[in-house]
Amino acid sequence: MFIQKYFEEFQLNDVRQTKGRTITETDIVIHAGQSGDFFPHHMDEEWCKSQPFKKRIAHGTLIFTVAIGLTADFVNEVSMTYGYERLRFIKPVFINDTIKVTVTIKDLKDHKKPEYGLVTELVECFNQHNELVMLCEHILMVKKGNS
């Protein structure tokens, strides 16, 4: 879906939630191949049994990628990603965990280019037990409607 949501239309503390997505072994294997990260934490079930979590964990970068993908349910034609900040992996995600994301508008400020503003979204990713597993700030550069 394509929309045009201008900077002035964003409201502090607005919240939206995504659907869920189950992380599979296939996701982990494909991500290892694409990223080159074959660390045993992700790939070696037997080794993991001797570690604190006792089983394989998903790559943090995989969870970040899937979480951000879950938030991409529309295309704002007057906005673009400016960057991500404060990325943290709070708890591990395991094979067959289901994640979902809550996005909250946390900050609105002017950009150095006067025809744009910066919208900061707090992106919080939760597992099926409603435990926070990852968070970050997504910064959007959004066109102002009066420009």
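Since this is a predicted model, take the numbers as computed values, not measurements.

(A) Spatial organisation of the layout of surface pockets. Put simply, the largest pocket is a space of about 410 Å³. The wall of the largest pocket is formed by 21 residues, among which Arg16, Thr71, Phe74, Glu121 and Leu140 lie closest to the centre. Only strand S2 (15-17), helix H4 (60-71), strand S4 (75-76), strand S5 (79-89), strand S6 (98-110) and strand S8 (132-143) provide two or more residues apiece to the lining of the largest pocket. Among the elements that line the lining of the largest pocket, the one with the most residues is S5, at four residues. In the lining of the largest pocket, the residues fall into eleven nonpolar, five polar and five charged.

(B) H4, seen in detail. Between its first and last C-alpha, H4 extends 17 Å over twelve residues, near the 16 Å set by a 1.5 Å rise per residue. Of the positions making up H4, those classed as buried are Leu62, Ile63, Phe64, Val66, Ala67, Ile68, Leu70 and Thr71.

(C) Spatial organisation of the nonpolar core. In this structure, Ile23, Ile63, Ile99, Cys125 and Met134 are the most contacted members of the largest nonpolar core, which totals 19 residues. Looking at this core, the elements that each hand over two or more residues are H4, S6, strand S7 (116-126) and S8. By residue number, the principal contributor to this core is H4, which donates seven residues. The next biggest cluster of nonpolar side chains, apart from the first, holds six residues, and it includes Phe10, Ile105, Val119 and Val142.

(D) Representation of unusual backbone geometry. At lysine 54, a position not held by glycine, the phi torsion is positive, near 70°. Mapped onto the secondary structure, lysine 54 falls in the loop between helix H3 (45-48) and H4. Phi angles above zero are rare outside glycine, and asparagine 96 is one such case at about 80°. Within the secondary structure, asparagine 96 is located in the loop between S5 and S6. Judged by its relative accessible area of 54%, asparagine 96 is exposed.

(E) Region of the structure containing the packing of aromatic side chains. Considering all chains together, one arrives at two aromatic pairs under this definition. Relative to phenylalanine 94, the ring of phenylalanine 53 lies with its centre 6.3 Å away and its plane at 70°, an arrangement referred to as edge-to-face. With a gap of 41 residues between them, phenylalanine 53 in the loop between H3 and H4 and phenylalanine 94 in the loop between S5 and S6 connect regions that are remote in the sequence. Residue classification places phenylalanine 94 among the buried residues on the basis of a relative accessible area of 15%. Ring centres of phenylalanine 64 and tyrosine 84 lie 5.1 Å apart, and the angle between their planes is 85°; this geometry places the pair in the edge-to-face category. Here phenylalanine 64, found in helix H4, pairs with tyrosine 84, found in strand S5; they are 20 residues apart in sequence, far enough to count as distant. The ring of phenylalanine 94 is capped by lysine 55, whose NZ or CZ atom sits 4.5 Å from the centre of that ring.

(F) Region of interest: the UniProt feature "domain: MaoC-like" (unreviewed entry) in the protein chain. Sequence positions flagged by UniProt for "domain: MaoC-like" (unreviewed entry) are, in local numbering, residues 14-121. Strand forms 34% of residues 14-121 and helix 29%; the C-alpha atoms that close the span are 9 Å apart.

(G) Quick look at the pairing of S8. Two strands pair when backbone bridges link them, and S5 and S8 are joined in this way by eight bridges, in the antiparallel orientation. The residue of S8 that forms the bridge with glutamate 85 is glutamate 137. Relative to S8, S7 runs antiparallel, the two being bridged by eleven bridges. Each bridged residue has a counterpart across the sheet, and for glutamate 121 the counterpart in S8 is histidine 138. The hairpin formed by S7 and S8 contains five residues between the paired strands, and asparagine 130 there has a positive phi angle of roughly 65°.

Rules used throughout
Residues numbered from 1 in each chain as written. Predicted model: local features only at pLDDT ≥ 70, side-chain atom pairs only at ≥ 80, totals over all residues. Heavy atoms only, no water. 1 Å grid on protein atoms, 1.4 Å probe; cavity = no way out; pocket = protein on both sides within 12 Å on 5 of 7 lines; lining within 4 Å. Points joined across faces, edges and corners; volume = space filled by probe spheres on them. Helix = DSSP H or I, 4+ residues; strand = E, 2+ residues; numbered from the N terminus. Nonpolar A, V, L, I, M, F, W, Y, C, P; charged D, E, K, R; others polar. Expected span 1.5 Å × (residues − 1). Buried < 20%, exposed > 50% of the residue type's maximum accessible area, 1.4 Å probe, protein only. Core = buried A, V, L, I, M, F, W, Y, C linked by side-chain atoms within 4.5 Å. Phe/Tyr/Trp six-rings, centres within 6.5 Å; stacked < 30°, edge-to-face > 60°. Lys NZ or Arg CZ within 6 Å of the ring centre and 35° of its normal. UniProt positions renumbered as here; feature names shortened; annotations may be inferred. Pairing = 2+ DSSP bridges.

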